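# Structure at a glance
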Amino acid sequence: MDKQAVREAVWDAFEDRGEARFPFPPHDRIPNFAGAAAACDRLTDTDAWAAASTLKCNPDAPQLPVRRAALRAGKTVYVAQPRLRDADPFLRLDPESLVDAESDGDAPPDAPTVDDATTVSGISTHGTPVPPEEVPHVDLVVAGSVGVTTDGARIGKGEGYSDLEWGVLSELGAVDSEAPRASGGEGQSPPGNRASPGDSRSEPDDDATVVATTVHELSVLDGPESPVADAAELPAPDAHDVPLDLVVTPERTVRTDTPHTRPTGIDWDALDDDKLDAIPVLAERAPERE
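In this report, we go over the structure that sits alongside the text.

Broken down by element type, the protein carries nine helices and 10 strands. Counting the 290 residues in the protein, one finds 50% classified as buried. Sequence separation of at least 24 residues holds for 68% of the intrachain contacts in the protein that already meet a minimum separation of 6. Carbon and sulfur atoms form 46% of the exposed surface of the protein, whose accessible area is close to 12,800 Å².

Rendered as structure tokens:
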């Protein structure tokens with residue numbers, strides 16, 4: 001079973017079981033899902049969230065609650081420009097430059113709000129473009145996922161940009177090549193089992209970047225609602241895939257203690273000239289080819 005077959009199974013399950021939310025259809029994207037806000041709430045209950053002052057988050061619909069929660073908590077959020085198409089490929093959302101319409105009743109009526117700045121279009125309007133060198137150390141990466149496993153493997157929608165973003169930041173030291181040390185199992189939800197709300201926490205022991213995702217249980221490929229009949233048939237992660245430390249659903253939080261190795265830097269040999277030409281930040285940094 002290859003990755004595309006897994007994606008199709010997950011997308012079909014979201015549609016067939018009525019768990020997809022706008023935008024429709026769920027296919028060919030990071031699927032939005034019922035319970036995305038609840039998954040966000042569970043993520044904000046983790047020590048990894050509490051310790052983070054700087055996040056990198058994907059721009060997709062299911063992580064909209066995460067972006068809003070981060071800014072309301074005073075965290076700076078970085079979002080990559082679509083397809084890394086700009087020479088300054090990251091957009092910085094600064095909580096100090098935005099008002100929260102839910103609490104700032106005295107704010108000017110034309111002031112940019114957290115709600116405005118965190119939509120797909122609003123990120124481009126209100127985010128400040130910055131080059132990779134201006135991205136500080138990222139404490140928490142929140143990735144969108146199509147499929148995940150409880151040992152930290154992740155399958156995205158297939159375009160590879162999330163992994164390229166990691167590679168660029170890794171080469172600059174903005175994300176860490178080693179995962180946080182295991183914290184002794186506190187809060188681990190056993191694979192395939194559901195935990196009750198509030199009984200699962202992640203407690204990283206150091207300051208290394210934590211990589212998390214918020215997903216529906218349908219996306220947990222070795223979980224009880226998986227649309228994949230046999231988890232043993234799942235494809236192994238590729239070398240460029242960034243493994244997850246936290247998998248968060250509306251029902252549970254799993255600290256993966258992932259055995260999968262984080263990629264360090266960019267696999268230049270895997271990129272053809274067309275890809276390099278289309279992404280300025282890569283073209284500027286690529287080693288000369290023979």
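Quick look at the sheet that holds strand 4 (residues 128–130) now. With mixed pairing, eight strands are arranged side by side in an open sheet as 4-3-2-1-5-8-9-10. Only two strands of the sheet have a single neighbouring strand rather than two, namely strand 4 and strand 10 (253–255). Shown here is a sheet whose adjacent strand axes are inclined to one another by a mean of 25°, direction ignored. Here strand 5 (residues 140–143) runs beside strand 8 (residues 210–214); their pairing, made up of four bridges, is parallel. If you follow V141 over to strand 8, its bridge partner there is V211.

So, on to helix 7 (residues 161–171). The buried fraction of helix 7 is high, at nine of 11 residues. Among the residues of helix 7, those classed as buried are Y161, D163, L164, E165, W166, G167, V168, L169 and S170.

Within the structure shown, the criterion is met by zero aromatic pairs. Its end group placed over the ring of Y161, K275 keeps NZ or CZ at 4.5 Å from the ring centre.

Counting buried positions along strand 8 gives five out of five residues, so the element sits mostly inside the fold. Burial along strand 8 is two-sided: V210, A212 and T214 facing one way and V211 and T213 facing the other are all buried. As paired strands, strand 8 and strand 9 (residues 246–248) are joined by three bridges and run parallel to one another. By the bridge assignment, T214 is partnered in strand 9 with V248.

Attention now goes to helix 1 (residues 3–16). Counted at 1.5 Å a residue, the expected span for helix 1 with its 14 residues is 20 Å, and the 20 Å between its end C-alpha atoms agrees. Of all the residues in helix 1, the buried ones are K3, V6, R7, A9, V10, W11, A13 and F14. Lining the buried residues of helix 1 we find strand 7 (154–155). Positive phi appears at G18, one or two residues downstream of helix 1, with a value of about 70°.

What counts and how
- Residues numbered from 1 in each chain as written.
- Predicted model: local features only at pLDDT ≥ 70, side-chain atom pairs only at ≥ 80, totals over all residues.
- Heavy atoms only, no water.
- Helix = DSSP H or I, 4+ residues; strand = E, 2+ residues; numbered from the N terminus.
- Buried < 20%, exposed > 50% of the residue type's maximum accessible area, 1.4 Å probe, protein only.
- Contact = heavy atoms within 4.5 Å.
- Areas by Shrake-Rupley, 256 points an atom, 1.4 Å probe, with all protein chains shown as cover.
- Pairing = 2+ DSSP bridges.
- Axes fitted to C-alpha atoms, helices over the stretch in contact; angles between N-to-C directions.
- Phe/Tyr/Trp six-rings, centres within 6.5 Å; stacked < 30°, edge-to-face > 60°.
- Lys NZ or Arg CZ within 6 Å of the ring centre and 35° of its normal.
- Expected span 1.5 Å × (residues − 1).

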